[in-house]
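# Observations on the three-dimensional arrangement
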Amino acid sequence: MHIDFHGGLPKGCEICLRGAKLVLFITGICHKNCYYCPLSEKKKGRDVIYANEVLIEKDLEILLEGRAIDAEGTGITGGDPLLRLRRTLRYIKMLKEFFGSEHHIHLYTNGIYASSEAIFNLKRAGLDEIRFHIMDKIKGLEIAKEAGLNVGVEVPAIPGEEERLKKLAICLERMGMDFLNINQLEFAPMNFLQFKERGFELEGNNVVKGSEELALKIIKWAEEEGLELKVHYCSSLKKDQLQYKMRMMRRRKNIIRPYEEALEDGLIGKFLVEVEEPYSIRRKLIKTLKLKPNMIGVSMYEKGLEIPRSILSEINKILPKAKVKYVKELPTAIRERIEES
Ligand code: SF4
């Protein structure tokens, strides 16, 4: 196991790693155009809002998604949230009002529009931490510190950029900033060609070869230099498997229905009985088997009933011709089906 941080973790990361952070994607619009931008086609350049995986149409849906994971904090991302400043301010206030002032909020920006007015307004609305996606010193860093925010920089570890990263860390240290977060560089459908053109090689499923080595080298160097600055490496594995899985576990606890089973791998399992008229058969079964109404559900996906394991043998007797299968779903808002047997 590698040591992947120096000097501790920023509070936003601590909460995120427990799966307790709501990811609020404010807009896909951004004026920076980084060649390594990982945004997907459904988000990049589009003025859409997502809370975790849920496309948002009404503000209330953000709060419901936060509730579903018992959110202890929110990470506001994009695109560039500062391009939709009024929206961002409104949501920061809304989240703080609903979840309480201790609900920790951090925000990512490329810094292009980080004016004094914007930053002080963010602080006044309740923002706790700001992360700049920059490789060089910008004015926004000092303004954010002056406003009383926890301030850091978050960048990918691009192979060949060791000296540039060290220079950035020294600059942040001298400026009295709080942290430098280094992410593993990931291949994504929208950046694949750009990466290939630059000669990057794929390692494993989706990461760039050499990115992790570079990030770990910077952590070791920060340790040896005795930097005050916190330096933290966030790997793709940590982000996708650990953090995402923890978030799904929290979500599952709150959304699982009485007839469903919590499986070891974080999924939700249940029996599905295929029937032509699910609503009328459901009413009859509830009456005949003297069940509480919440013990049988109607499937969102097909003509069928969702039932608990405990009534399986009765169902086989009452509906001997009905096909029964066991399905496994992710505990997301749309409950993607992973497997059926
Ligand atoms: S700043 Fe972020 S959202 Fe904008 S292009 Fe770069 S990586 Fe993509």
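Residues numbered from 1 in each chain as written. Predicted model: local features only at pLDDT ≥ 70, side-chain atom pairs only at ≥ 80, totals over all residues.

### Comments concerning the site of the ligand
Threshold: For each residue, a C-beta position is placed from the backbone atoms; the residue is near a molecule or strand when that point lies within 6 Å of it. Each residue gets one label: Ala, Val, Leu, Ile, Met, Phe, Trp, Tyr, Cys and Pro are nonpolar, Asp, Glu, Lys and Arg are charged, and the others, such as Gly, are polar.
All residues adjacent to the ligand are Cys 30, Lys 32, Asn 33, Cys 34, Cys 37, Leu 39, Gly 78, Gly 79, Asp 80, Asn 110 and His 133. Of the residues in the shell around the ligand, the class split is four nonpolar, five polar and two charged.

### Observations regarding the sheet that holds strand 3 (residues 50-51)
We apply this condition: Here, a strand pair is defined by DSSP locating no fewer than two bridges between the strands. A run of DSSP states H or I qualifies as a helix once it reaches four residues; a run of E qualifies as a strand once it reaches two. Both are numbered from the N-terminal end.
The strand order across the open sheet formed by ten strands is 1-12-9-8-7-6-5-2-3-4, and the pairing between neighbours is mixed. If you trace the sheet from one side to the other, it starts and ends with strand 1 (5-6) and strand 4 (54-55), each paired once. Strand direction decides the pairing type here: strand 7 (residues 129-132) and strand 8 (residues 150-157), joined by four bridges, are parallel. Across the sheet, Phe 132 pairs through a bridge with Val 153, a residue of strand 8.

### Quick notes on the pairing of strand 5 (residues 73-78)
Worth spelling out the cut-off: Each residue is classed by its C-beta neighbour count within 10 Å, where at least 20 other C-beta atoms makes it buried, 12 or fewer makes it exposed, and intermediate counts make it partly exposed; the C-beta atoms are placed from backbone geometry. If you view a crossover with the strands going away from you and the path from the first strand over the helix to the second runs clockwise, you call it right-handed.
In terms of burial, strand 5 is a largely internal element, six of the six residues being buried. Because side chains alternate across strand 5, one face comprises the buried residues Gly 73, Gly 75 and Thr 77, and the other comprises Thr 74, Ile 76 and Gly 78, equally buried. Between the parallel pair strand 5 and strand 6 (residues 104-109), the chain is carried across by helix 3 (residues 85-99), and the sense of this crossover is right-handed.

### Quick notes on the environment of Glu 225
Along the chain, Glu 225 turns up in helix 8 (residues 211-225). Expressed as a C-alpha distance, the spacing of Glu 225 and Leu 180, which sit 45 residues apart in the sequence, is 15 Å.

### What to know about the nonpolar core
Filter applied, for reference: To define a nonpolar core, we join buried Ala, Val, Leu, Ile, Met, Phe, Trp, Tyr and Cys residues through C-beta atoms within 7 Å and take the resulting set. Here, residue contact means that the backbone-derived C-beta atoms of the two residues sit within 7 Å.
Counting residues in hydrophobic clusters, the biggest one holds 57 residues, and the most contacted among them are Leu 24, Ala 169, Leu 180 and Ile 218. In terms of residue count, the dominant contributor to this core is helix 8 (five residues). Not counting chain neighbours up to four residues away, the residues in contact with Ala 169 comprise Leu 180, Ile 218, Ala 222, Leu 227, Leu 229 and Val 231. Membership of the second largest hydrophobic core comes to twelve residues, among which are Leu 272, Val 273, Ile 281 and Leu 285.

### So, the domain arrangement of the chain
Here is the rule: Those domain boundaries reflect an automatic or database domain assignment.
Here the chain is described as being made up of domain 1 (5-252) and domain 2 (257-340). The C-alpha-based centres of domain 1 and domain 2 are spaced at 40 Å. Residue-level contacts link seven residues of domain 1 with seven residues of domain 2. Among the elements that take part in the side of domain 1 that touches domain 2, helix 9 (residues 236-255) stands out by supplying five residues, more than any other. Tallied by class, residues from the side of domain 1 that touches domain 2 come to three nonpolar, no polar and four charged.

### Some words on the environment of Ser 313
Within the secondary structure, Ser 313 sits in helix 11 (residues 312-318). Take Ser 313: there are 9 C-beta atoms within 10 Å of it, and that puts it in the exposed class. Remark: the alpha-carbon pair of Ser 313 and Arg 90, spanning 223 residues in sequence, is separated by 53 Å.

### A look at unusual backbone geometry
A cis amide bond links Gly 78 to the next residue, Gly 79, at an omega of 25°. Relative to the assigned elements, Gly 79 resides in the loop between strand 5 and helix 3. Even without being a glycine, Asn 33 presents a positive backbone phi close to 60°. Locating Asn 33 in the fold gives a position in the loop between strand 2 (21-27) and strand 3. Given 8 C-beta atoms within a 10 Å radius, Asn 33 is considered exposed. The residue Arg 335 is not glycine, and still its phi comes out positive at about 45°. If you trace the backbone, Arg 335 turns up in the loop between strand 17 (324-329) and strand 18 (337-340). Owing to 15 C-beta atoms within 10 Å, Arg 335 belongs among the partly exposed residues under this scheme.

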